[in-house]
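In case you want the letters, here they are:
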Amino acid sequence: MDLLSLLLKEAKEGKVSRKQQLVRIIANRAATMRLVSLQQRAQRAQRARRAAEREEEEAPPPPPPPPPVHHSSHNFLNMKNKFFNELGHLPMPMWAIGAIVVVVLALVGCFAFCVYKKCLGGKKKGKKVRERKGGGRRRMKQEGEGEAEGEEKKEGEGEQKEQEFYGKLEYTLDYNFNDNELIVGILQAENLPAMDLGGTSDPYVKVYMLPDKKKKFETKVQRKNLCPVFNETFKFKIPFNDLAGQTLVLQVFDFDRFGKHDVIGEIKIPMNSIDLGQPIHEWKDLDGGEKEEEEKLGDICISLRYVPTSGKLTICVMEAKNLKKMDVGGLSDPFVKLVLQHNGKRLKKKKTTVKEKTLNPYFNESFSFEIPFAQIQKIQVLITVYDYDKLGSNDAIGKCWIGYGASGVGLRHWSDMLANPRRPIAQWHVLQPEEDVDAALKAPIR
């Protein structure tokens, strides 16, 4: 029995009222309609699902996705935008970033310049060796062809002989019997070989006597000249009787500011092979000479201190070691001479006391100079160690210089002093031949 019949029966029996019967009928119908609606929705959803499954089974498989395309230009733009965005978020202004970039570029440029100079110096040296050994110099070739009859076929071929040519030098020799002086004149040179990369040389002539080498002279450097004119005269005070056992050496060098000077050629004249009764004036071909072995002259320790406010420069000569033996007994009597120059003009000079019979003297003597701050950048300090001689002139053991135009340790010591005002800066310096230092001082500062 359905619900409606049940309600009518209950109404006849008087169990429920008419109103209650109507409410129950409406509720029953609403529930029935909701149930039917849910069933219809479920059926439609099931039919749609089945239709979708059939379509998927019947549809062809999808094509594979195309490979990704790389756009380098887009990647570069993205990286650039990202870089500038990061710069915009940095906690510093743009002018500071620009200054940092400029400093970094300057450091990189300095490093590249140092590498370039290093490589250039090596190449220059290598070329000089090749010019000497491999025929880079001018050569005079003599070809001779000999013909002979015989059984061997190789006889009759010409032989080439190569002879290196180093140029020639014009000089004069004379002896002054009144003053016991040998007068050497260096006039000019011709057809010198090119020692530099530019096809030129910077020649100068060194004049000295063997075997003592105590006194050496040098001409001025003639820049970029293969046929230089010197016209310089030098005098050696030697008794005539002592000349027989000595040899005059005329060496032509190529000046190199940043390295060792290279020997172009030389002339050796034994004094016992010439007649000094009359003046000698002649041209002579240069022979290939090896560079004379560099003597160790010793080292000297110098302390520098500068006070900018008062303009006071203090130079302390502390000690020296391993000085060259200058006396017959194998010792020396050293003292130190200081000379201050400004733009090549001598300002002041000072001397230490003489330390007798020692090759390792200890001085510890200070000297003060008044140098305004405006001039300190162009100051040169020349330091010469002499061997004191009571009877004759003092012989220079070695020399070095510090300050404007110096290089290596001399320049670094001066820079350290300026960078640390009021603080003494000590440094060891290697002594060099006096003529080498004088030639470097005469050369123009680059």
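Residues numbered from 1 in each chain as written. Predicted model: local features only at pLDDT ≥ 70, side-chain atom pairs only at ≥ 80, totals over all residues. Heavy atoms only, no water.

Asks: What is the right way to look at the overall build of the protein chain in this model?
Replies: Tallying secondary structure elements over the protein chain gives 6 helices and 18 strands in all. Sorting the 446 residues of the protein chain into buried and exposed places 33% on the buried side. Working note: accessible area of the protein chain is about 29300 Å², and carbon and sulfur atoms make up 54% of it. (Helix = DSSP H or I, 4+ residues; strand = E, 2+ residues; numbered from the N terminus. Buried < 20%, exposed > 50% of the residue type's maximum accessible area, 1.4 Å probe, protein only. Areas by Shrake-Rupley, 256 points an atom, 1.4 Å probe, with all protein chains shown as cover.)

Asks: I tried to follow the pattern of salt bridges on my own but got confused; where do I start?
Replies: Side chains that differ in sign of charge can pair as their charged atoms come close. Under the criterion given, the structure shown has 5 salt bridges. With a shortest N-O distance of 3.6 Å, Asp202 and Arg223 are connected by a salt bridge. Of this pair, Asp202 sits in the loop between strand E4 (181-190) and strand E5 (203-210) while Arg223 sits in the loop between strand E6 (216-218) and strand E7 (229-237), and the two are 21 residues apart along the sequence. The partly exposed category is assigned to Arg223, whose relative accessible area is 30%. A salt bridge links Lys206 to Asp436; the nearest nitrogen and oxygen atoms lie 3.9 Å apart. Remark: Asp436 occurs in helix H6 (residues 434-442) and Lys206 occurs in strand E5; sequence separation between them is 230 residues. (Salt bridge = Lys/Arg side-chain N within 4 Å of Asp/Glu carboxyl O.)

Asks: It is not clear to me how helix H5 (residues 409-419) should be interpreted in this structure. Could you clarify?
Replies: In an α-helix there are 3.6 residues to a turn, and that puts residues three or four apart on one side. Of all the positions in H5, only Gly410, His413, Trp414 and Met417 are classed as buried. Mapping the buried residues of H5 onto a view down its axis gives an arc of 95 degrees, with all of them on the same face. Contacts from the buried residues of H5 go to strand E11 (299-307), strand E12 (312-321), strand E16 (379-387), strand E17 (395-403) and strand E18 (425-430). (Arc of directions from axis to C-beta. Contact = heavy atoms within 4.5 Å.)

Asks: Is there a simple way to think about a nonpolar patch on the surface in this case?
Replies: Taken together, Ile100, Val104 and Val108 make up a surface patch of nonpolar side chains, about 260 Å² in accessible area. Looking at the element boundaries, Ile100 is found in helix H4 (residues 94-133). You can call Ile100 partly exposed: its relative accessible area is 47%. (Patch = residues over 30% accessible without salt bridge, like charges linked within 9 Å, V, L, I, M, F, W, Y side chains within 5 Å.)

Asks: What is the right way to read the environment of Gln246 from this model?
Replies: If you trace the backbone, Gln246 turns up in the loop between E7 and strand E8 (247-254). The class of Gln246 is buried, set by a relative accessible area of 12%. Distance in space between the C-alpha atoms of Gln246 and Met209 is 6.5 Å, their sequence separation being 37 residues. Setting aside residues up to four positions removed in sequence, Gln246 forms contacts with Met209, Leu210, Pro211, Asp212, Ile238, Pro270 and Met271. At 3.4 Å, the side chain of Gln246 forms a polar contact with the backbone oxygen of Asp242. (Polar contact = N/O pair within 3.5 Å; in protein donor to acceptor, adjacent residues only side chain to side chain.)

Asks: What am I meant to see in the pairing of E11 here?
Replies: Moving residue by residue along a regular strand, the side chains alternate between the two faces of the sheet. Most of E11 sits out of view: 8 of its 9 residues are buried. Direction of pairing for E11 relative to E12: antiparallel, over a ladder of 9 bridges. Paired with Ser303 across the bridge in E12 is Cys316. The hairpin turn running from E11 into E12, its antiparallel successor, is 4 residues long, and Gly311 in that turn takes a positive phi close to 65 degrees. Of the strand pairs in this sheet, E11 and E18 are connected by 6 bridges, and their pairing is antiparallel. Following the sheet pairing, Ile302 is matched in E18 by Gln427. (Pairing = 2+ DSSP bridges.)

Asks: Is there a simple way to explain the sheet that holds strand E14 (residues 345-351) in this structure?
Replies: Two orientations exist for strands paired in a sheet by backbone hydrogen bonds: parallel and antiparallel. Read from one edge of the open sheet, 4 strands run E14-E13-E16-E17, paired in antiparallel fashion. The strands lining the two open edges of the sheet, one partner per strand, are E14 and E17. Direction aside, the axes of adjacent strands within the sheet are offset by 20 degrees on average. Where E16 meets E17, 8 bridges bridge the pair, whose relative direction is antiparallel. (Axes fitted to C-alpha atoms, helices over the stretch in contact; angles between N-to-C directions.)

Asks: What exactly am I supposed to notice about the environment of Ala396 here?
Replies: Mapping Ala396 onto the fold places it in strand E17. Given the relative accessible area of 24%, Ala396 is considered partly exposed. Sequence spacing of Ala396 and Tyr386 is 10 residues, and the spatial spacing of their C-alpha atoms is 4.3 Å. If near-sequence neighbours (up to four positions away) are discounted, Ala396 is found in contact with Met326, Thr384, Val385, Tyr386 and Glu434.

Asks: Could you clarify how one ought to interpret the packing of aromatic side chains in this entry?
Replies: Here a ring pair, both rings aromatic, is described through the centre-centre distance and the interplanar angle of the planes. Applying the stated criterion to the full structure yields 7 aromatic pairs. Their ring planes at 80 degrees and their centres at 5.0 Å tell us that Phe217 and Phe236 sit as a pair that is edge-to-face. Of this pair, Phe217 sits in strand E6 while Phe236 sits in strand E7; the two residues are 19 residues apart in sequence, bridging distant segments of the chain. Here Phe236 falls in the buried class, since its relative accessible area comes to 3%. Chaining the aromatic ring pairs together yields one cluster made of Tyr175, Phe177 and Phe240. Note that Lys168 overlies the ring of Trp283, its terminal NZ or CZ placed 5.3 Å from the centroid. A cation over an aromatic ring shows up here: Lys378 above the ring of Tyr404, its NZ or CZ 5.3 Å from the ring centre. (Phe/Tyr/Trp six-rings, centres within 6.5 Å; stacked < 30°, edge-to-face > 60°. Lys NZ or Arg CZ within 6 Å of the ring centre and 35° of its normal.)

Asks: So what exactly am I meant to see when it comes to the sheet that holds E11 here?
Replies: Read across the sheet, 4 strands follow the order E15-E12-E11-E18 without closing on themselves; strand pairing throughout is antiparallel. Either end of the sheet is taken by a strand with one partner, and the two such strands are strand E15 (362-370) and E18. Sheet twist, expressed as the mean angle between neighbouring strand axes with direction ignored, is 20 degrees. Packing of H5 onto the sheet brings it into contact with E11, E12 and E18, and relative to E18 it is tilted by some 170 degrees.

Asks: Whenever I open this one, the environment of Ile402 confuses me. Can you help?
Replies: As for its placement among the helices and strands, Ile402 is situated in strand E17. Look past the residues within four positions of Ile402 in its chain and what remains in contact with it is Ile302, Leu304, Ile379, Gln380, Val381, Ile383, Gly410, His413, Trp414 and His429.

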